[in-house]
Amino acid sequence: MVKVNAAELVRRELAAPRWRGEHIAMGTNVDCYQRAEGRYQLMPGILAALRDAANPFSILTKGSMIMRDLPLLLEAGERADVSTMVSVGSLDRELWRLVEPGTPAPGRRLEVCAALNEAGIGCGVLMGPVLPYLSDSPRQLEAVVRAAAEAGATSIGAITLHLRPGAREWYLSWLRDHHPELVVPYARLYANGAYAPKAFQDRISVRVKELAARYGIGKRAARGPERPARPAGPQQLTLM
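Notes on the structure in this doc start here. (Residues numbered from 1 in each chain as written. Predicted model: local features only at pLDDT ≥ 70, side-chain atom pairs only at ≥ 80, totals over all residues. Heavy atoms only, no water.)

The next thing to look at is the layout of surface pockets. The calculated volume of the largest pocket comes to roughly 1200 Å³. Lining of the largest pocket is provided by 41 residues; of these, K62, S87, E100, G128 and P129 occupy positions nearest its centre. Listing elements by their share of the lining of the largest pocket, those giving two or more residues are β2 (57–61), α5 (93–99), α6 (106–119), β4 (123–130), β5 (156–160) and α8 (167–178). (1 Å grid on protein atoms, 1.4 Å probe; cavity = no way out; pocket = protein on both sides within 12 Å on 5 of 7 lines; lining within 4 Å. Points joined across faces, edges and corners; volume = space filled by probe spheres on them. Helix = DSSP H or I, 4+ residues; strand = E, 2+ residues; numbered from the N terminus.)

Attention shifts here to the packing of aromatic side chains. Two aromatic rings, taken as a pair, are described by how far apart their centres are and by the angle between their planes. Under the defined criterion, the tally for this structure stands at 5 aromatic pairs. Ring geometry for Y133 against Y186: centres 5.8 Å apart, planes inclined by 85°, an arrangement best described as edge-to-face. Placement of Y133 in the loop between β4 and α7 (138–150) and of Y186 in helix α9 (residues 183–189) is noted, with a sequence separation of 53 residues between them. Ring centres 5.8 Å apart and planes at 10° place the aromatic pair Y186 and Y190 in the stacked group. A residue is classified by how much of its surface remains accessible, and Y186, at 1% relative accessible area, is buried. The exposure class assigned to Y190 is buried, which follows from its relative accessible area of 1%. (Phe/Tyr/Trp six-rings, centres within 6.5 Å; stacked < 30°, edge-to-face > 60°. Buried < 20%, exposed > 50% of the residue type's maximum accessible area, 1.4 Å probe, protein only.)

On to the pairing of strand β3 (residues 82–87). Pairing geometry for β2 and β3, over 5 bridges, is parallel. Bridge pairing in β3 places F57 opposite V82. Tracing the backbone out of β2, into helix α4 (residues 70–77) and back to the parallel element β3 gives a crossover that is right-handed. (Pairing = 2+ DSSP bridges. Right-handed = clockwise from strand over helix to strand, strands pointing away.)

The parallel open sheet is built from 5 strands, whose spatial order is β1-β2-β3-β4-β5. Each end of this open sheet is capped by a strand with a single partner; those strands are β1 (24–26) and β5. On average, each strand axis in the sheet is tilted by 20° relative to the strand beside it, whichever way the strands run. Where β4 lies against β5, 4 bridges are found, and the strand directions are parallel. Its bridge partner lying in β5, M127 is registered against A158. Each of β4 and β5 is contacted by helix α10 (residues 198–215), which is oriented at about 165° to β5, the strand it contacts most. (Axes fitted to C-alpha atoms, helices over the stretch in contact; angles between N-to-C directions. Contact = heavy atoms within 4.5 Å.)

What follows deals with unusual backbone geometry. The omega torsion across G128 and P129 is -10°, close enough to zero to call that bond cis. Tracing the chain through its elements places P129 in strand β4. A positive phi angle is found at Q41, which is not glycine, with a value near 50°. Relative to the helices and strands, Q41 is located in the loop between α2 (35–40) and α3 (43–52). Residues other than glycine seldom take positive phi values, yet Y133 does so here, at roughly 70°. For Y133, a relative accessible area of 39% gives the class partly exposed.

Its place among the elements puts L182 in the loop between α8 and α9. Note on L182: relative accessible area 10%, which makes it buried. Spatially, the C-alpha atom of L182 lies 48 Å from that of E75, the residues being 107 residues apart in sequence. Residue contacts for L182: discarding those within four places in its chain leaves Y133, L134 and L175.

Here the focus is α4. When α4 is considered as a whole, its buried residues turn out to be L70, L72, L73, A76 and G77. The buried residues of α4 occupy an angular sector of 160° when projected down its axis, which confines them to one face. (Arc of directions from axis to C-beta.)

So, on to the nonpolar core. By size, the foremost hydrophobic cluster in this structure holds 59 residues, and its most contacted members are L47, I59, V125 and Y186. With residues near it in sequence (within four places) discarded, Y186 still touches L131, P132, Y133, L134, L161, L163, Y171, L172 and L175. (Core = buried A, V, L, I, M, F, W, Y, C linked by side-chain atoms within 4.5 Å.)

This is how it looks when you write it as structure tokens:
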């Protein structure tokens, strides 16, 4: 399903009196730079609408097509807070080919991260998903964090594989074909639903946080033009 009038609807929603200029996070459910975007080219219109409304936003993607829209990101970044993240769960090229066919290689995504940061658009790395028993070893986690630091990532976090209905059936079928020895361990790990046990997830998150501190991720800020002060007006209070 492609909503070809997305940009028009975004402009309408941003102009509605009820809209208070909240941050909009894109790509957190479905990647807005997947292959279909190359044909339909909806993001330029969406970004232009956000730019014109001076509305803050962020983008998470596994793709490299975001670089096409760098001029729009820079224009929007002069008027509101704009940030990006690339998703890199592992640097294992064989695992990438098997699990994420049709996506740019992990190294290419990190090149995008570096290019965005160099241009002045802050870009972090989301290690997602980290695959239990396949990409969660200390050596593998460190490799990704080290590469993210070299790309100038402004932040890094990790999310362990979720197996919701639909994805669960596909992934377990894939597991039987490529790693049958892990079928039973996965059945145990995900016995209670879509998520691995909290202790398992916390172990990965804590390790990545420690590695991020070691490699200095989060201590650098992307370079970019200084934004002019916004006109005085209603401000939404923060809970943080």
